[in-house]
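Architecture and fold: a report
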Amino acid sequence: MPGLLRGVARTAVVAGTATAVSNRVSRRQAGRWAQQEAEAPPQYAPPPPPPAPAPAGDDMGDKIAQLKELGQLKEQGVLTEEEFAVQKSKILGS
């Protein structure tokens, strides 16, 4: 019987020591990972590229067509000089 008790006691000591060592290693590893995460700069995805600008030719062509229509309305007397100037600045400003 004493041999059996000695074997059980030895097994308990070995298992307890192994558990303690394993827990200590786990805590140390977790501490190292936390330190590395704290020191490392945050990883962000690159910003998306800016949208492509609208083709200038179409926009300018629309503005020219609108200005021609305004000129015709002014010549016909539908628009006054002041109204023409206001509408022209709106078209060129947009």
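Residues numbered from 1 in each chain as written. Predicted model: local features only at pLDDT ≥ 70, side-chain atom pairs only at ≥ 80, totals over all residues. Heavy atoms only, no water.

1. Some remarks on the overall build of the chain
Under the convention used in this document: Helix and strand definitions here come from DSSP, where helices need a minimum of 4 consecutive H or I residues and strands a minimum of 2 consecutive E residues; each element is numbered from the N-terminal end. Remark: exposure states derive from per-residue accessible area (1.4 Å probe, protein chains only) relative to the maximum for the residue type, with buried under 20%, exposed over 50%, and partly exposed in between. Surface accessibility in these figures is a Shrake-Rupley result with a 1.4 Å probe; residues are shielded only by whichever protein chains are displayed.
Looking only at helices and strands, one finds 3 helices and 0 strands in the chain. Along the chain, helices and strands appear, N-terminal first, in the series α-α-α. Expressed as a percentage of the 94 residues in the chain, the buried residues total 5%. Just so you have it, the chain exposes about 8300 Å², and 62% of that area is on carbon and sulfur atoms.

2. Description of the packing of aromatic side chains
The condition that has to hold: Between 30 and 60 degrees the pair is tilted, below 30 it is stacked and above 60 it is edge-to-face, where a pair is any two Phe, Tyr or Trp rings, Trp via its six-membered ring, whose centres lie within 6.5 Å. In this scheme, the term charge over a ring applies when either NZ of a lysine or CZ of an arginine sits within 6 Å of the ring centre and within 35 degrees of the ring normal.
All chains considered together, the criterion is met by 0 aromatic pairs. In this arrangement the basic side chain of lysine 74 is found over the ring face of phenylalanine 84, its NZ or CZ atom lying 4.9 Å from the centre.

3. So, a positive patch on the surface
The line we're drawing: Residues qualify for a patch when their relative accessible area is over 30% and they have no salt bridge, like charges being joined within 9 Å and the nonpolar side chains of Val, Leu, Ile, Met, Phe, Trp and Tyr within 5 Å. Salt bridge, as applied in this entry: a Lys or Arg side-chain nitrogen positioned within 4 Å of an Asp or Glu carboxyl oxygen. For the purpose of counting charges, residues Lys and Arg are taken to be positive, whereas Asp and Glu are taken to be negative. His and the chain ends are not included. The atoms used to mark charge sites are NZ of Lys, CZ of Arg, CG of Asp and CD of Glu.
Where like charges cluster on the molecular surface, the positive patch consists of Arg24, Arg27, Arg28 and Arg32. Look at arginine 32 and you get partly exposed, because its relative accessible area is 47%.

4. Considering the confidence of the model for the chain
Defined as follows: The predictor attaches a confidence to each residue, and that confidence, scored 0 to 100, is pLDDT.
Mean pLDDT over the chain: 82, with 89% of residues reaching 70 or higher. The lowest-confidence element of the chain is helix α2 (residues 56-75), averaging 83 in pLDDT; the highest-confidence one is helix α3 (residues 81-93), averaging 88.

5. Digging into the environment of lysine 74
Applicable threshold: Here a polar contact is taken to be a pair of N or O atoms separated by no more than 3.5 Å, where protein atoms must pair a possible hydrogen donor with a possible acceptor and residues adjacent in sequence count only if both atoms sit in side chains.
When you line up the elements, lysine 74 lands in helix α2. With a relative accessible area of 31%, lysine 74 lands in the partly exposed category. C-alpha of lysine 74 to C-alpha of phenylalanine 84: the two residues are 10 residues apart in sequence and 6.7 Å apart in space. For lysine 74, the side chain forms a polar contact with the side chain of glutamate 81, separated by 3.0 Å.

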